[in-house]
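Structural overview
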Amino acid sequence: MDTANNGQFVILDVLDTEAIIQTCVSNGVGTIYHLAALLSATGEKNPELCRRVNVGGTISVLEAAKACSLRVFIPSSIAVFGPDAPKHAPQHTDLNPTTVYGETKVEGEALAMASWKEFGVDVRGIRYPGLISYKAPAGGGTTDYAVEIFHAAIQDGHYDCFVREDTRLPMMYMDDAIRATLMLMDAPSGLLGAARAGYNIDCQSFTARELADAISDQVEGFHCEFSPDVRQEYADSWPDSIDGSLAKDEWGWTPDYDLPKMVQAMLDGLSQ
Ligand code: SER
């Protein structure tokens, strides 16, 4: 065991249920934030590994939670929606994703809900939009362009974006995502209904061009070009925006960051 950022740190195999249980028991862990997963772009390159890690990891964590009476946060994603879902995605609609990553997230929500219903495991989840942070590097997702563009703007004054300029996706600044996660985990269980394993949450929605323009307003001479690759297909299968009214009603979620505020925070953070 080691320490990282003043906390306990231990390396675990997310598929090793016994090791997770041992670690929770010997360290008095009461809550797991289960963030180990492959994102969409990496997952589509290696579907078998994506299923093993994303679905298998969720099963291990839920089993550990059942054995140790833990509360669990299991992130879902806007990738649960497929091309047949409304472009402003409602909480409840048919979930027919066309990416393997999306399939693993639909399955994760179902497994989490079953653990809650059958065994009373206190599990909660959010369908995260694309998450944008200056502290964490882009992690192999389709929404990575919305992080990479900031680094490129500051370092090179130029970015080659891998989706079309009219690509519109739900996005969120990391501070909002963390706050939403903690708010959900702090909410009294009785407030949470049938969406507890995968809430839509209100967030931003902008096109790649709108993001580039907002950065150009702040970074003189910044220039963005658009050359779509295979990730365009994944982006096109996802909604443009999300209806988060249920999360607002049940546990009070509203975001703090709009596009200009996020662009400022990203540029300030990266310039430090
Ligand atoms: N941000 C994720 C991705 O792009 C979606 O959940 O894969």
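Our structure's up above, just so we're on the same page.
Quick summary incoming for the structure in this document.

Here is what the cut-offs are and how they apply
Residues numbered from 1 in each chain as written. Predicted model: local features only at pLDDT ≥ 70, side-chain atom pairs only at ≥ 80, totals over all residues. Heavy atoms only, no water. Phe/Tyr/Trp six-rings, centres within 6.5 Å; stacked < 30°, edge-to-face > 60°. Helix = DSSP H or I, 4+ residues; strand = E, 2+ residues; numbered from the N terminus. Buried < 20%, exposed > 50% of the residue type's maximum accessible area, 1.4 Å probe, protein only. Lys NZ or Arg CZ within 6 Å of the ring centre and 35° of its normal. Salt bridge = Lys/Arg side-chain N within 4 Å of Asp/Glu carboxyl O. Pairing = 2+ DSSP bridges. Axes fitted to C-alpha atoms, helices over the stretch in contact; angles between N-to-C directions. Contact = heavy atoms within 4.5 Å. Parallel < 35°, antiparallel > 145°, perpendicular 65-115°, else oblique. Left-handed = near helix turned anticlockwise from the far one by under 90°. Nonpolar A, V, L, I, M, F, W, Y, C, P; charged D, E, K, R; others polar.

**Re the packing of aromatic side chains**
Within the structure shown, the criterion is met by five aromatic pairs. Each ring, one from tyrosine 33 and one from phenylalanine 73, has its centre 6.0 Å from the other, and the planes form 35°; the classification is tilted. Taken together, the residues tyrosine 33 in strand S3 (residues 31-33) and phenylalanine 73 in strand S4 (residues 71-73) connect sequence positions 40 residues apart. Residue tyrosine 33 is classed as partly exposed on the basis of its relative accessible area of 37%. The interplanar angle of 90° and the centroid separation of 5.7 Å between the aromatic rings of tyrosine 145 and phenylalanine 162 together place this pair among those described as edge-to-face. Here tyrosine 145 is found in helix H5 (residues 145-155), whereas its partner phenylalanine 162 is found in the loop between strand S10 (158-161) and strand S11 (168-173), with 17 residues between them in sequence. Of the two residues examined, tyrosine 145 and phenylalanine 162, each falls in the buried class. Pairwise contacts between aromatic rings join Tyr33, Phe73 and Tyr128 into one cluster. A cation over a ring is seen here: arginine 231 above phenylalanine 162, with NZ or CZ 3.4 Å from the ring centre.

**Quick look at the pattern of salt bridges**
In this structure the tally under the stated criterion is twelve salt bridges. Among the salt bridges present, the one from arginine 196 reaches aspartate 122, with a minimum N-O distance of 2.6 Å. Here arginine 196, found in the loop between helix H6 (174-186) and strand S12 (204-207), pairs with aspartate 122, found in strand S7 (residues 122-124); they are 74 residues apart in sequence, far enough to count as distant. Comparing arginine 196 with aspartate 122 shows no difference in burial state: the two are buried. Here the salt bridges share partners, and the residues they tie into one network are Asp122, Arg124 and Arg196.

**Points about the sheet that holds S4**
A sheet is described by the order of its strands in space; here three strands give the open sequence S3-S4-S7, paired in parallel fashion. Sheet topology places S3 and S7 at the edges, where each strand pairs with a single neighbour. Adjacent strand axes in the sheet meet at a mean angle of 10° when their direction is disregarded. Docked against the sheet, H6 engages S3, S4 and S7, running at close to 155° with respect to S4.

**Re the sheet that holds strand S9 (residues 130-132)**
The pairing of strands in a sheet comes from backbone hydrogen bonds and takes either a parallel or an antiparallel form. Overall, mixed pairing links the three strands, which are arranged S9-S11-S12 in an open sheet. Only two strands of the sheet have a single neighbouring strand rather than two, namely S9 and S12. Shown here is a sheet whose adjacent strand axes are inclined to one another by a mean of 45°, direction ignored. Alignment of S11 against S12, held across four bridges, turns out to be antiparallel. Bridge assignment links proline 170 to a residue of S12, and that residue is serine 205. Relative to S11, H6 is tilted by about 75°, and along the sheet it contacts S9 and S11. Packing of helix H7 (residues 208-218) onto the sheet brings it into contact with S11 and S12, and relative to S12 it is tilted by some 90°.

**Digging into the packing of H5 against H7**
Between H5 and H7, the least distance of the axes is 11 Å, while the angle of their chain directions is 25°. With respect to H7, the axis of H5 lies roughly parallel. The two elements H5 and H7 meet at a crossing, and its hand is right-handed. Where H5 approaches H7, its residues Tyr145, Ala146, Ile149, Phe150 and Ala153 are matched on the opposing element by Ala208, Leu211, Ala212 and Ile215. Classifying every residue of the contact of H5 with H7 by side-chain character gives nine nonpolar, no polar and no charged.

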